[in-house]
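# Summary of the model geometry
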Amino acid sequence: MIAMLITALIAITAVATGLSLIDSWLRGRGAYRVLRREQALLKAGFVPQVHAHEVRLRKPARRTLAAASRPYARRVPLASIQTAA
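A short tour of the structure in this document, coming up.

What counts and how
- Residues numbered from 1 in each chain as written.
- Predicted model: local features only at pLDDT ≥ 70, side-chain atom pairs only at ≥ 80, totals over all residues.
- Heavy atoms only, no water.
- Helix = DSSP H or I, 4+ residues; strand = E, 2+ residues; numbered from the N terminus.
- Buried < 20%, exposed > 50% of the residue type's maximum accessible area, 1.4 Å probe, protein only.
- Areas by Shrake-Rupley, 256 points an atom, 1.4 Å probe, with all protein chains shown as cover.
- Patch = residues over 30% accessible without salt bridge, like charges linked within 9 Å, V, L, I, M, F, W, Y side chains within 5 Å.
- Salt bridge = Lys/Arg side-chain N within 4 Å of Asp/Glu carboxyl O.
- Phe/Tyr/Trp six-rings, centres within 6.5 Å; stacked < 30°, edge-to-face > 60°.
- Lys NZ or Arg CZ within 6 Å of the ring centre and 35° of its normal.

### Here's the deal with the overall build of the protein chain
When you go through the protein chain residue by residue, the secondary structure sums to three helices and zero strands. Reading the protein chain from its N terminus to its C terminus gives the helix and strand order α-α-α. In the protein chain, buried positions account for 5% of the 85 residues. In the structure as shown, the protein chain presents an accessible area of about 8400 Å², 65% of it carried by carbon and sulfur atoms.

### Examining a nonpolar patch on the surface
On the surface, a nonpolar cluster with roughly 530 Å² of combined accessible area is contributed by Val 15, Leu 19, Ile 22, Trp 25 and Leu 26. Structurally, Trp 25 is set in helix α1 (residues 2–44).

### Quick look at the packing of aromatic side chains
In the structure shown here, the tally under the stated rule is zero aromatic pairs. Sitting over the face of the ring of Trp 25, Arg 29 holds its NZ or CZ atom 4.8 Å from the ring centroid.

### Structural notes on the pattern of salt bridges
Enumeration according to the criterion identifies one salt bridge in this entry. Between Asp 23 and Arg 27 there is a salt bridge, and its shortest N-O distance comes to 3.2 Å. In this pair, Asp 23 and Arg 27 are both assigned in helix α1, four residues apart and thus about one turn of the helix distant. Overall, the relative accessible area of 36% leaves Asp 23 in the partly exposed class.

In structure tokens form, the structure reads like this:
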């Protein structure tokens, strides 16, 4: 009885391992196709478009010369400095 249980456990483990390997192979093949397609597009001269969530919009802070010369000072935009004075 114990031998049959161990044999069944080994068989189930072998089937699960085989299915896992097939799944990894299919995913890898799909990823490789995508990379080959992107490489062909780049060689053809197309530039990939960056997704909107990857683009960060920022405005450079305009500061006074005195504020820029102090490395320890907070970086405050110029408009905030002028209205405070």
